[in-house]
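One-letter residues, chain by chain:
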Amino acid sequence: MTATAPWKILCIAGARPNFMKIAPILRAFAADARFAAKLVHTGQHYDAKLSKIFFEELKIPRPDVELEVGSGSHAQQTAEIMKRFEPVVIAEQPDAVLVVGDVNSTVGCALVTSKLSPRPLVIHVEAGLRSRDHGMPEEINRLVTDALSDYLFVSEPDGMVNLAREGVGADRAFFVGNVMIDTMLAARERAMQSTVLADLGLVEQRYGLVTLHRPSNVDDVAALTNLLGTLSGIAAELPLVFPVHPRTRKRIADANIALGKGWSLIEPLGYLDFMRLTASARVVLTDSGGIQEETTVLGVPCITLRENTERPITCAEGTNQLAGVTREAILAAYAKIDQVRAAARIPQLWDGKAAERIVAILGDKLSAR
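Summarised in this report is the structure supplied together with it.

Rules used throughout
Residues numbered from 1 in each chain as written. Predicted model: local features only at pLDDT ≥ 70, side-chain atom pairs only at ≥ 80, totals over all residues. Heavy atoms only, no water. Helix = DSSP H or I, 4+ residues; strand = E, 2+ residues; numbered from the N terminus. Buried < 20%, exposed > 50% of the residue type's maximum accessible area, 1.4 Å probe, protein only. Lys, Arg positive; Asp, Glu negative; His and termini not counted. Charge placed at Lys NZ, Arg CZ, Asp CG, Glu CD. Pairing = 2+ DSSP bridges. Axes fitted to C-alpha atoms, helices over the stretch in contact; angles between N-to-C directions. Contact = heavy atoms within 4.5 Å. Phe/Tyr/Trp six-rings, centres within 6.5 Å; stacked < 30°, edge-to-face > 60°. Polar contact = N/O pair within 3.5 Å; in protein donor to acceptor, adjacent residues only side chain to side chain. Salt bridge = Lys/Arg side-chain N within 4 Å of Asp/Glu carboxyl O. Expected span 1.5 Å × (residues − 1). Arc of directions from axis to C-beta. Parallel < 35°, antiparallel > 145°, perpendicular 65-115°, else oblique. Left-handed = near helix turned anticlockwise from the far one by under 90°. Disulfide = S-S within 2.5 Å. Nonpolar A, V, L, I, M, F, W, Y, C, P; charged D, E, K, R; others polar.

A look at the overall build of the chain
Okay, step 1: Secondary structure summary: the chain contains 17 helices and 13 strands in total.
Okay, step 2: When the backbone C-alpha atoms are referred to their principal axes, the chain occupies close to 65 × 40 × 40 Å.
Okay, step 3: Relative to its 369 residues, the chain shows a buried fraction of 55%.
Okay, step 4: Averaging the locations of the 40 positively and 43 negatively charged side chains of the chain gives two centres separated by 1 Å.

Below, the structure written as structure tokens:
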């Protein structure tokens, strides 16, 4: 490890949510001569719609290292990430490894880094989020990554509270805002020029948007059938556009679920088209984490089809309602979307400058070591 600047940072991205978080961080590093950042793409998401197009639209530089891990069970995929990343980090000898979010690439690379000697710093961006649902794989990834990290950058005040409870002091945890929102605000003008509404024959505010991919919602046939049945009741009065995740599409086909009038099933979209579709929707119904944040800043009512959320600020201050998966709760949330829209506000520090804060703090911390 080097003792003085420029400090070498390996930035890890592997799955679709990572790309939106890593893009502004790489730009901020590039603008600061004290840092020499490299991008490692694990290949956890490798489909063109889930990976390549995001690099193009978000102007992310070509990865310096591609691990090409591919799919597999959680254990298989995490183990393969660790096997392929270890020789890279040993060869590079970085000052720090920066991971984002809560996917398998995040925890796998953090684990490898934490066991090296000499040990690079582990930096976690989007730290401190907690759903308190240990049946959610992402929650385990978050807990483990935060436990291994030297510096933890937090997107909302609740994250600071969670980390303090877990013994992380203010010398290591920093509330900086939301890098996902950095990306969204930087791309918003381009997204609003997308022709996706015209291409799909849609009119602003006259459709809803659906995304589903959580195992708890799509892997159990009965759960998926009941959920889509409930949403079909909404589709009867408000057309629903459903960009179908490949795994979800397979589950629907395997279960022979027929979606009737009011549904429009489409292929996954690029970032700009999806943002345009989100911004113009009357309501978004989702089990995603990041979409809860994006709808909050866009001012679009969001109904989260889960029993818990690691992003409570989107409910307390934003446009999100945590509905669960029962018919009664979903329809009750749908009845309140206009009320929620009127009361919403944008959370503190979700202003497009989170990445700049992260890099400034890291520069100060590394200079003082």
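Some points on the sheet that holds strand β9 (residues 240-243)
Okay, step 1: With parallel pairing, the six strands of this open sheet are ordered in space as β10-β9-β8-β11-β12-β13. The open sheet is flanked by β10 (263-266) and β13 (320-322), the only strands paired with a single partner. Pairwise comparison of adjacent strand axes, ignoring direction, gives a mean angle of 20 degrees for this sheet.
Okay, step 2: On the sheet, helix α15 (residues 327-335) packs against β11 (283-286), β12 (302-304) and β13 and is oriented at approximately 165 degrees with respect to β12.

Quick word on the sheet that holds strand β3 (residues 65-66)
Okay, step 1: Strand order across the open sheet formed by seven strands is β3-β2-β1-β4-β5-β6-β7, with parallel pairing between neighbours. This sheet does not close on itself; its edge strands, each paired only once, are β3 and β7 (173-175).
Okay, step 2: As judged from the seven bridges shared by strand β1 (residues 7-13) and strand β2 (residues 35-41), these two strands associate in the parallel manner. By the bridge assignment, Ile12 is partnered in β2 with Val40.
Okay, step 3: Contacts from helix α17 (residues 354-367) reach β1, β2, β4 (96-100), β5 (121-127), β6 (151-154) and β7, with the element oriented near 160 degrees to β6.

Topic: the packing of aromatic side chains
To describe a pair of aromatic rings, one takes the distance between the centres and the angle between the planes.
Okay, step 1: In this structure the tally under the stated criterion is eight aromatic pairs.
Okay, step 2: Aromatic side chains Trp7 and Phe35 sit 5.4 Å apart centroid to centroid with 55 degrees between the ring planes, which places their arrangement in the tilted category. In this pair, Trp7 sits in strand β1 while Phe35 sits in strand β2, placing the two residues 28 residues apart along the sequence. Across the pair, Phe35 and Trp7 agree in class, each one buried.
Okay, step 3: Here the aromatic rings of Phe19 and Phe54 are separated by 6.4 Å at their centres, their planes lie at 50 degrees, and the arrangement is tilted. With a gap of 35 residues between them, Phe19 in helix α1 (residues 16-30) and Phe54 in helix α2 (residues 52-57) connect regions that are remote in the sequence. Assigned by exposure class, Phe19 and Phe54 land together as buried.
Okay, step 4: By way of ring pairs, the aromatic residues Phe19, Phe54, Phe55 and Tyr271 are connected into one cluster.

With respect to the side chain of Asn104
Okay, step 1: Note on placement: Asn104 falls in helix α4 (residues 104-114).
Okay, step 2: You can call Asn104 buried: its relative accessible area is 5%.
Okay, step 3: A polar side-chain atom of Asn104 sits 2.9 Å from a polar atom in the side chain of Gln77.
Okay, step 4: Sequence-distant contacts of Asn104, defined by excluding residues within four places in its chain, comprise Gln44, His74, Gln77, Thr78, Ile81 and Asn141.

Brief notes about the pattern of salt bridges
Okay, step 1: Under the definition given, this model contains 24 salt bridges.
Okay, step 2: Close ionic contact of Arg142 with Glu310 constitutes a salt bridge, the shortest N to O distance being 3.9 Å. Here Glu310 lies in the loop between β12 and α14 (313-316) and Arg142 lies in helix α5 (residues 137-148), a separation of 168 residues in the sequence. Each member of the pair, Arg142 as well as Glu310, carries the same accessibility label: buried.
Okay, step 3: Notably, a salt bridge pairs Glu310 with Arg306, separated by 2.5 Å at the nearest N-O pair.
Okay, step 4: Accessibility expressed as a relative area gives 5% for Arg306, which makes it buried.
Okay, step 5: Salt bridges linked by common partners bring Lys21, Asp102, Glu126, Glu139, Arg142, Glu293, Arg306, Glu310 and Arg311 together as one network.

A closer look at α5
Since the α-helix packs 3.6 residues into each turn, any two residues three or four apart lie on the same face.
Okay, step 1: The first and last C-alpha atoms of α5 sit 17 Å apart over twelve residues, in line with the 16 Å expected at 1.5 Å per residue.
Okay, step 2: Taken residue by residue, α5 has Glu138, Glu139, Asn141, Arg142, Thr145 and Asp146 as its buried positions. Down the axis of α5, the buried side of the element spans an arc of 160 degrees, and every buried residue falls inside it.
Okay, step 3: Close packing links the buried residues of α5 with β4, α4, β5, β6 and α6 (157-165).

Overview of the packing of helix α12 (residues 271-279) against helix α13 (residues 290-298)
Okay, step 1: At a closest axis distance of 10 Å, the pairing of α12 and α13 adopts a crossing angle of 60 degrees. Considering their axes alone, α12 and α13 lie oblique with respect to each other. Crossing hand, α12 versus α13: right-handed. On the side of α12, the interface is formed by Tyr271, Phe274, Met275, Thr278 and Ala279, while α13 contributes Ile291, Glu294, Thr295 and Leu298.

A few points about the state of the cysteines
Okay, step 1: By the definition in use, this model includes zero disulfides.
Okay, step 2: In this model Cys315 remains outside any disulfide bridge; the closest cysteine sulfur is found in Cys302, 8.2 Å from its own.

Some words on the packing of α4 against α5
Okay, step 1: Taken N-terminus to C-terminus, the directions of α4 and α5 make an angle of 30 degrees; their axes are 9 Å apart at the nearest point. Looking at the two axes, α4 sits roughly parallel to α5. Seen along the crossing, α4 lies across α5 with a hand that is left-handed. Seen from α4, the contacting residues are Asn104, Thr106, Val107, Ala110, Leu111 and Ser114; seen from α5, they are Asn141, Val144, Thr145 and Leu148.
Okay, step 2: In the contact of α4 with α5, the residues fall into five nonpolar, five polar and no charged.

Interpretation in functional terms is not warranted from these geometric data alone.
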